[in-house]
Each structure stands twice: as C-alpha cells, then as structure tokens.
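Summary of the model geometry
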Amino acid sequence: MQAIFKRDFGAYFTSAIGYVYISSYILVLNLYFYLVNILGASMSLAGIFSFMLLVMMFVTPILTMRVFSEDFKQKTDQLLLTAPVTSTAIVLGKFFSSLAVFGCLLALTILWPIALYIFGGFNLDEVVGNYIGIISIGAAYISIGVFVSAMTENQVIAAIGSLAIFIALYILEIVALFFYASGVLPTFIMRIFMFISIFGRYSDITRGLLALDTIVFFVSVCAFFLFLTTRVIEKRRKG
Amino acid sequence: MITVSNLTKSYGKNRGVNDISFSVPEGQIVGFLGPNGAGKTTTMNIITGYLSADTGKVEIAGIDMQKTPIEAKRHIGYLPEQPPLYHAMTVNEYLDFVYDLKEIKIDDRKSHISEICGNLGLADVRSRVIGHLSKGYKQRVGFAQALLGDPDVLILDEPTIGLDPRQIVEIRNVIKEMGKQRTIILSTHILPEVSAVCERVLVISNGVIVADDNPENLTSNLKGNRTQIIRVAGSSDEVQTLISNISGVSSVKPLGKMEPESIDFLVENESGVDIRKPLFYELSKAGYPLLMLRPQNDSLEDIFLQLTEEGK
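These lines cover the structure that appears in this document, whether it is placed above or below. Every value quoted in this text rests on a predicted model; they were computed, and no experiment measured them.

1. Considerations on unusual backbone geometry
All names here are of chain B.
- We note that E103 has phi near 50°; this positive angle belongs to a residue other than glycine.
- Phi is positive for D150, which is not a glycine, with a value near 45°.
- Position of D150 among the secondary structure elements: in the loop between α5 (135–147) and β7 (153–157).
- Take D150: its relative accessible area is 43%, and that puts it in the partly exposed class.

The structure is reproduced here in structure tokens:
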C-alpha cells in the first residue's frame, strides 16, 4: 500500500495534474476570500467553506480521473494485480494518494484563519469544525471519483462520469426540497433524502454544528465506495 | 513447480482456454507456442493471478493461486505482452517502486537492482525517463521488473517482441542463463526461438494443448518424411524421371529455375532411408552435376502449421 501511495502521489506532481488541481482550486478560493473576507470585512469562514464544497464538485474529477483509468490504459494494472498485494491495499494506496493531494490544498488554506487571527479574531470552533467537515466530505467525494475511474480506461469518461454524479447529487437535493415544499413529497421520503444529503449535512457543519453522526456518515460513504471499487477490480479479473 | 489443472476460461460464448492441464518441473524452460488468439496470453494471465479462471486450479510451488494468491504471487515474476511501465518515471524510480511493491526481502536493494540492470544492459539508462526510451529498452526494463526479487518462476509473454536481432540474441541468452536456476514459461509465435531456448514445447491452438514434447522429438515424431531441395544442371523432364527411379524416393516436384541452366526439385523420401548418396551417384553417372543439396530444416514451422490446422 505504501509503495502505491508513494508512486501515485509522486505521479500527481511529475505530471501537471497535481499542480493544475491545486492552483486552479486555490486561485478560485483565494479570490472568494479576497472579495468576501477582505473587501467584505467578514470574520466568518462559513461562507468560504460552503463555496469550497461547491467548487469541489468540479475539481475533484481532475484529481481522480486518472487513478485507475490510466493504469488500465497503460496496462500497469497487470503489474499491480500480479504483485503480492491485495486489491484492498491497491485501492487504499491510490485513494490516500488523492486524499493527500487534497490535503496539500488544505494546507495552503491555513493562511485564512491565520489572516483572520492577525487582523481581528476568529471563532476557533468554527475553523476546526469546518476543517474536519471538509476533510471528511472531500474523502467521500474522492472515493466516488476513484470508484468511477475504476470502471473505465478512458480518463475523460472517468472525469465526466464523476462530475455527473456530483451534480446529480446536488440537484437531487434541490429538487427534493422543492417537491417537499410544494407538498408533493411525503415527510418520510424527505427524511430519507435529508439523511443521504451531502449538502444538507454540510450546512450543519458550516453553522458550527459538528455532529458525530455527520462525520460517521461521510466516513461510511467513503468506505462504501472504496469497497465497491475493490469489487470492481475483482470483477475485472473475472474478465 | 507449476501445476495447471483443468483450466477453462470463457469470454462470452467464446472459449478462450478449454480444459488445459500441464505441469512444469523445477528448472525447466517451457515454450508456449501458438498462433495469435490461441489462448497463450489468457493462460499466462491466469497462471500469474491477473485473471481468474472459470474452473480449474493453478499451483505455484505447491501454493494454490486461488486460495492464497498473495503467497503464490511472491514466487512469480511476470513480463506481460506490453511491459507494465510508468512512462513518467525514470528507470531507477520505477525499479525502486516495484521493489517496494513486491515487498522484496533482499537486504541489499542497491546491489540487487544494479546486478539486474547490468545483466540486461540497462546500466547506462538508469537515470532516464522510461517514456523516452526506445522499444527495446522498454522491453528490457519490463524484464528487469520481472526479475526483481529473484522469483523462482518467470512467466514471459513474447519477451523478444520489438527487439532488434542483436538484442533478441542477447535476451535469449539471458533467458537461458536465468533458466539454470528458475522455472520459465515463455510464449512466442517465433519458431526458431523455441528451438533456441526451450527444453519443452507446448503447442496451443484454439484454447487446447495440441502437442507437448521437446523440440527434437516434435520434429522427428510428426515428420515421417524428410524433404530435400536440390539444384541440378540439366533439363527438367529427364532429371525428374531419373530421380524418381532411385529407390527410396517417394516424390519429386520441380520448383523452377532459380539459376541459369539449372533446375530445382523438391525431393521427398520414404522415412528411414537416406537417399543423398544414391542421388549424387545417379546424377553424376548420367552427367547432370548436382549444384546444391539442402535438407528442408524449417520443419518445425510445418509441424506448427500442421498441428494448429488440425485444431481447427
């Protein structure tokens, strides 16, 4: 697992993908920080974390599209799958390498609370809660992206596929809310929607409510999709 | 060392491999021979654990690939048809990665990798990016990867493909050298390679093993009649009658004019008879000088065609 983690993490930065992901993401986020927190003189980071979540839908596919697709295309999966490692170790190694790149991005955002601290003061609970929240939701997104990339050897399809899933999840919530408000959707179905809702849950976090069940939910989503990924890899071996 | 029993693998309705069984004792070099699409690569992919079989069993050094794949895979070095290379890495980085991936427990990593690179002529390119290397070098890096960790079993899928003639000879010598301590299965559709390297040949056609023997036996058992090509200075009809009257000759076929004022014949004789001497004396007595006599020694190719045609 460590060998695969090291290789994949390094590969993000020997190709342009790691740089493109981090620079495009941080550019957009810092622009928001400048407009809202500096020009708008806001002391709250809730807004920027919500914005980060929104942008995450569009940039996570850049991060995960190549994870398995490239190995399938270059036939390097033959090396990985005939090496004495389990498919779980392969999936975890690749997942954590993508998560680590996301971690690099988060490390750069530490400047925000520092700036707020220097120029005014900030709410520690809010900052810690938001970071824990964004890491767990980022992991969930990446696991979905990894799963999609294990299903195709075409990176473009992998990227568009995971983007479609993220947008579908987002729209589904809005549509569900709309129907619930207009009285079409029964309450218990809405409850189910609220339970599986990524954004609904995340709004709790940005408000500073770091409920344990929310973290458990995201970690479970992550585990579920990583498990599915190992099944996809095993399925490929059956030809 | 390798035991394959009743292996079957289907792709949709097509049988890729159909009930194949064989075993390879320790230290043997086995050639897997067959036309494209015969099931060579599928069989190798199953042996190495890359694909799983529908039914059947693979054992490497007595370890069941299905039940304990991790343990079984430790014994295998695999060079697939397309070497599994990360093109953005340098040769050194790549071999380091494979070393870690295979969890190799040889203490001296540096000298182990250097030794393999030395044997394969990779010493000069170790710091170069794999994507920039020529096809021959890429193939050798793939080979190096398979050799890391000194596995007991080597599975090589068309190891000499894409190499220039000199490299082919070099790689064959490396394989022969490796084969002294290891068990090797190599697939190929290049026939001279089999006679050059292998102690045993498995001919596979349409997913079935159609022959299993050493190259020499395969040649003599299946080829009852021997054929020679001869060139004689003289006129076609007279020489043909003359040769066909020699006892032991079963057929004579004119092949045409290859050289001025001469004619070539394909002479087939009955098995167990050497007709070369009578042929020489008869022709010389009749005043037709014999310009060339060449036994047809591409017989392995004939056998191959014969066997794989029968399979269809």
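The discussion continues.
2. Observations regarding the interface of chain A and chain B
- Opposite the 23 residues of chain A that make contact, chain B presents 28 residues.
- A buried area of about 2,400 Å², summed over both sides, lies between chain A and chain B, and 61% of it is on carbon and sulfur atoms.
- By the criterion of area lost to chain B, the three top residues of chain A are L79, P84 and R237 of chain A, representing 28% of everything that side buries.
- Here D100 of chain B makes a salt bridge to K6 of chain A, at a shortest N to O gap of 3.8 Å.
- The interface formed by chain A and chain B includes 7 residue pairs in polar contact (both at pLDDT 80 or more).
- Top contributing element to the side of chain A that touches chain B by residue count: helix α5 (residues 77–82) of chain A, with 6 residues.

3. Overview of the side chain of K94 of chain A
All names here are of chain A.
- Note that K94 resides in helix α6 (residues 87–109).
- Its relative accessible area of 0% is what places K94 among the buried residues.
- Residues within four places of K94 in sequence aside, it is in contact with I4, D8, V67, F68, D71 and L80.

4. A short note on the environment of I62 of chain A
All names here are of chain A.
- Within the secondary structure layout, I62 lies in helix α3 (residues 46–64).
- By relative accessible area, I62 is classed as partly exposed at 23%.
- Sequence separation between I62 and I196 is 134 residues, and the spatial gap between their C-alpha atoms is 24 Å.
- In contact with I62, other than residues within four places in its own chain, are I17 and Y21.

5. Considerations on the sheet that holds strand β12 (residues 249–256) of chain B
All names here are of chain B.
- Spatial ordering of the open sheet is given by β12-β13-β11-β14, a layout of 4 strands whose pairing is antiparallel. Where the open sheet ends on each side, the last strands, each with one partner, are β12 and β14 (290–295). Here the average twist between neighbouring strands, direction ignored, is 20°.
- Bridge count between strand β11 (residues 226–232) and strand β13 (residues 263–269): 7 bridges; the pairing is antiparallel. Along β13, the bridge assignment pairs I229 with L266.
- In the packing of helix α9 (residues 236–244) onto the sheet, the strands contacted are β11, β12 and β13, and the crossing angle to β12 comes to about 160°.

Here is what the cut-offs are and how they apply
Residues numbered from 1 in each chain as written. Chains lettered and ligands numbered in written order. Predicted model: local features only at pLDDT ≥ 70, side-chain atom pairs only at ≥ 80, totals over all residues. Heavy atoms only, no water. Helix = DSSP H or I, 4+ residues; strand = E, 2+ residues; numbered from the N terminus. Buried < 20%, exposed > 50% of the residue type's maximum accessible area, 1.4 Å probe, protein only. Contact = heavy atoms within 4.5 Å. Buried area = accessible area lost by both parts, 1.4 Å probe. Salt bridge = Lys/Arg side-chain N within 4 Å of Asp/Glu carboxyl O. Polar contact = N/O pair within 3.5 Å; in protein donor to acceptor, adjacent residues only side chain to side chain. Pairing = 2+ DSSP bridges. Axes fitted to C-alpha atoms, helices over the stretch in contact; angles between N-to-C directions.

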